[in-house]
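# Geometric and topological summary
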Amino acid sequence: MDWTDLIDTAFEAAGNSGKGNHAEAVRAVEASVVADEKPVASTAGRHPDHFRKGVLVLTTHRLLFLKDGKPPVPVPLASVTDATVTRTKLNGEVLLVVALTGSHRFEDVVKAEFFAEQLRAAARAARNAPKSLSAAPAEASTGEQLVGQLERLAALHASGALTEDEFTRAKQRLIG
């Protein structure tokens, strides 16, 4: 599957048939692709601040939210600590992604549970990917990274961005 196929699938799920939007989304993603990044999955969803649906693109490195040709909103997978799905009458399936960069909520997500499973698996793979060839520096930097991630998580909790339950689950996932 390539970038175009992935984005086309999500736009179809969103009910957005404008070819201009497809082309803009593909250009926006391809312009921001990092080395060795590959497409994994996509779906449609709505950010609470927007009325129309956008596209959620999962890659081997990041989760991206695309809407109306704007620059993608990236969430690095290595920082994702939790992804949960709830259902509401008003907002349909709601995907909540908790990351060290903040909490991200997407509403009316198409096939949200399946997408969340793929997101959790990709996040685990990103966190467990080898960072360097040298074992000793990698161990030291991994410990430093864990402390930094825990500090950011605690700051998010202290600011009220994470509930006690979200904080506890995210902390448990980080620690292992």
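Rules and cut-offs
- Residues numbered from 1 in each chain as written.
- Predicted model: local features only at pLDDT ≥ 70, side-chain atom pairs only at ≥ 80, totals over all residues.
- Heavy atoms only, no water.
- Pairing = 2+ DSSP bridges.
- Helix = DSSP H or I, 4+ residues; strand = E, 2+ residues; numbered from the N terminus.
- Axes fitted to C-alpha atoms, helices over the stretch in contact; angles between N-to-C directions.
- Buried < 20%, exposed > 50% of the residue type's maximum accessible area, 1.4 Å probe, protein only.
- Polar contact = N/O pair within 3.5 Å; in protein donor to acceptor, adjacent residues only side chain to side chain.
- Contact = heavy atoms within 4.5 Å.

### Examining the sheet that holds strand 5 (residues 80-88)
Across the sheet, which stays open at both edges, the three strands sit in the order 5-6-7 with antiparallel pairing between neighbours. Where the open sheet ends on each side, the last strands, each with one partner, are strand 5 and strand 7 (102-106). Taking the axes of each pair of neighbouring strands and ignoring which way they run, one obtains an average angle of 15 degrees across the sheet.

### Considering the side chain of Arg46
Looking at where Arg46 falls in the secondary structure, it is placed in the loop between strand 1 (39-45) and strand 2 (54-59). You can call Arg46 buried: its relative accessible area is 15%. Side chain to side chain, Arg46 and Asn91 meet in a polar contact 3.4 Å long. Excluding anything up to four places from it in sequence, Arg46 contacts Phe51, Arg52, Lys53, Asn91, Arg105, Phe106, Glu107 and Asp108.

### Considerations on the sheet that holds strand 2
The strands making up a sheet associate through backbone hydrogen bonding, with each pair oriented either parallel or antiparallel. On the basis of which strands lie adjacent, the open sheet formed by four strands has the order 1-2-3-4 and antiparallel pairing. Every interior strand has two partners, whereas the edge strands, strand 1 and strand 4 (73-76), have only one. Along the sheet, successive strands turn relative to each other by an average axial angle of 20 degrees, direction set aside. Of the pairings in the sheet, the one linking strand 3 (residues 62-66) to strand 4 comprises four bridges and is antiparallel in character. Within strand 4, the position partnered with Leu64 by the bridge is Pro74.

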